[in-house]
Amino acid sequence: MKIKIFCSSSLKELEEQVNDFIKDKHVCDIKMNTEVRPLAFDRHDKLPTKFGCYKTILVLYEEKYVALE
């Protein structure tokens, strides 16, 4: 079994990457995590003023093998 990790702030980009990757794999499981990260801080009190949302997807998979006859 193998894993592949994808990370992006764009859901559309992430979806395309994962779908393209798994099309020829046997997927055992997919997990998703969302993380909010500060992107900008106030110059005076150093508190976050802008945030970004990042998604991480972990794909647990096996390669598909073609049986030779």
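Here, every reference points to the structure presented above.
Being a predicted model, the structure only gives us computed values, none of them experimental.

The next point concerns the packing of aromatic side chains. Working definition: an aromatic ring pair is given by the centre-to-centre distance plus the angle between the planes. A complete count under the given rule lists two aromatic pairs for this structure. Between Phe6 and Phe21, the ring centres sit 5.5 Å apart and the planes meet at 65°, which makes this aromatic pair edge-to-face. With Phe6 in strand β1 (residues 2-8) and Phe21 in helix α1 (residues 11-22), this residue pair connects regions lying 15 residues apart in the sequence. The class for Phe21 is buried, based on a relative accessible area of 17%. On the basis of an interplanar angle of 90° and a centroid distance of 5.0 Å, the ring pair of Phe21 and Tyr61 is categorised as edge-to-face. Of the two residues, Phe21 sits in helix α1 while Tyr61 sits in strand β3 (residues 48-63), which places them 40 residues apart along the sequence. Residues Phe21 and Tyr61 agree in their burial class; the two are buried. Members of the aromatic cluster, each reached through a chain of ring pairs, are Phe6, Phe21 and Tyr61. For the cation-ring pair, Lys4 lies above Phe6, with the distance from its terminal atom to the ring centre recorded as 5.7 Å.

About the criteria used
Residues numbered from 1 in each chain as written. Predicted model: local features only at pLDDT ≥ 70, side-chain atom pairs only at ≥ 80, totals over all residues. Heavy atoms only, no water. Phe/Tyr/Trp six-rings, centres within 6.5 Å; stacked < 30°, edge-to-face > 60°. Helix = DSSP H or I, 4+ residues; strand = E, 2+ residues; numbered from the N terminus. Buried < 20%, exposed > 50% of the residue type's maximum accessible area, 1.4 Å probe, protein only. Lys NZ or Arg CZ within 6 Å of the ring centre and 35° of its normal.

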